[in-house]
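A structural walkthrough
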Amino acid sequence: MKRAAGIAACNWVKDGMAVGLGTGSTVSHTVVELGRLISDEGLSIVGVPTSIATRDLALSVGVPLVGLSDVEILDLVIDGTDEFDPSFSLIKGGGGALTREKIVAQRSRAMLVVADETKQVQVLGTFPLPVEVLPFEWEVTMSRLSEICPGKVKLRGASKPFVTDNGGYIIDCDYQGVISNPKLLESEILCVAGVVEVGLFCGICDAVVMAGGMGVETLLKENGRIV
Ligand code: 5RP
């Protein structure tokens with residue numbers, strides 16, 4: 001299913017585009033397919049990767065890369081998600097790349113998400129919400145985060161912390177199945193000193209290419225930037 005969604009998303013990529021390349025096992029199929037389209041069908045695009053892993057993958061399959069500041073704006077970013085709700089708000093960061101993913105998404109004309117049907121939820125919050133924090137006194141930042149989270153908060157990696165591409169740590173926050181106001185929670189978490197970024201993406205995603213038992217469908221957000 002991840003492969004089907006990842007490949008189907010390439011239908012939205014047109015010649016001459018600058019494309020943000022997300023991170024994760026689903027969008028990796030998109031990157032590989034883009035490489036095939038470039039070599040076999042003469043597609044001409046440039047990509048901006050959201051992680052070191054995606055950069056390495058893109059280079060290995062022949063997708064030309066540029067820096068984000070080299071382009072005025074990206075035409076499209078394609079990325080995975082850990083959850084999406086009916087208003088196309090997302091939880092991202094299962095792979096720890098949320099900060100770079102949000103930087104790239106905010107500089108894109110539109111965002112297309114690739115997902116299998118298990119990622120579709122009515123309410124965000126079952127997947128633990130990833131928050132990237134500075135390593136400096138991370139226990140203090142985590143304790144502050146625990147005051148605004150009803151469930152457990154834990155450092156990813158426990159005995160040996162998971163380190164992001166930015167040198168940060170990830171705190172996974174259990175919202176016990178309910179984030180009732182993702183936008184508000186995003187700003188509350190961003191107010192905590194030591195927080196670099198939170199994996200809530202609100203008002204950014206325009207469409208989801210979702211693969212399920214019945215095949216692949218594209219869900220378009222009403223009044224979104226993808227039509
Ligand atoms: C990485 C992400 C990923 O896009 C998200 O975790 C989905 O990954 P996958 O496609 O492997 O299920 O946000 O930071």
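Up top you'll find the structure we're talking about.
Below is a summary of the structure that appears in this document. Because the structure is a prediction, the values reported are computed rather than measured.

Looking at the environment of Val 198
With respect to the helices and strands, the residue Val 198 is situated in strand 10 (residues 195–198). For Val 198, a relative accessible area of 0% translates into the label buried. When the C-alpha atoms of Val 198 and Ile 170 are compared, they prove to be 9.5 Å apart, with 28 residues separating the residues in sequence.

Brief notes about the site of the ligand
Not every one of the 18 residues close to the ligand is listed here, only the nearest: Thr 23, Ser 25, Thr 26, Asp 82 and Lys 119. Between the ligand and Thr 23, the relevant distance is 2.7 Å, taken from an oxygen atom to a main-chain nitrogen or oxygen of the residue. In the model, an oxygen atom of the ligand is placed 3.4 Å from a nitrogen or oxygen of the Gly 94 main chain. Relative to its unbound accessible surface of 380 Å², the ligand loses 92% to contact with the protein.

Considerations on a nonpolar patch on the surface
Together, Leu 134, Phe 136 and Val 196 line one region of the surface with nonpolar side chains, adding up to about 310 Å² of accessible area. Under the relative-accessibility criterion, Leu 134 is labelled partly exposed at 44%.

Some words on helix 6 (residues 182–190)
Structurally, the α-helix is built with 3.6 residues per turn, so residues lying three or four positions apart point the same way. Turning to helix 6, its buried residues are Pro 182, Leu 185, Glu 186 and Ile 189. One side of helix 6 carries all its buried residues, which in axial view fall inside an arc of 105°.

Some details on the sheet that holds strand 10
Spatial strand order, 8-9-7-10: four strands in an open sheet with antiparallel pairing. The sheet is open, and its two borders are formed by strand 8 (153–155) and strand 10, each paired with just one other strand. Here the strands of the sheet are splayed against their neighbours by 25° on average, with no regard to which way each runs. Bridge analysis of strand 7 (residues 129–133) against strand 9 (residues 169–173) gives five bridges, and the strand direction is antiparallel. Its bridge partner lying in strand 9, Glu 132 is registered against Ile 170.

Topic: the nonpolar core
Val 13, Leu 34, Ile 45, Ile 78 and Leu 112 are the most contacted members of the largest nonpolar core, which has 25 residues in total. The biggest single contributor to this core is helix 2 (residues 27–41), with five residues. Core analysis: the second largest hydrophobic core is formed by 24 residues, Val 133, Met 142, Leu 145 and Leu 185 among them.

So, how was this worked out
- Residues numbered from 1 in each chain as written.
- Predicted model: local features only at pLDDT ≥ 70, side-chain atom pairs only at ≥ 80, totals over all residues.
- Heavy atoms only, no water.
- Helix = DSSP H or I, 4+ residues; strand = E, 2+ residues; numbered from the N terminus.
- Buried < 20%, exposed > 50% of the residue type's maximum accessible area, 1.4 Å probe, protein only.
- Near = heavy atom within 4 Å.
- Polar contact = N/O pair within 3.5 Å; in protein donor to acceptor, adjacent residues only side chain to side chain.
- Areas by Shrake-Rupley, 256 points an atom, 1.4 Å probe, with all protein chains shown as cover.
- Patch = residues over 30% accessible without salt bridge, like charges linked within 9 Å, V, L, I, M, F, W, Y side chains within 5 Å.
- Salt bridge = Lys/Arg side-chain N within 4 Å of Asp/Glu carboxyl O.
- Arc of directions from axis to C-beta.
- Pairing = 2+ DSSP bridges.
- Axes fitted to C-alpha atoms, helices over the stretch in contact; angles between N-to-C directions.
- Core = buried A, V, L, I, M, F, W, Y, C linked by side-chain atoms within 4.5 Å.

No statement about biological role is implied by the geometric values presented.
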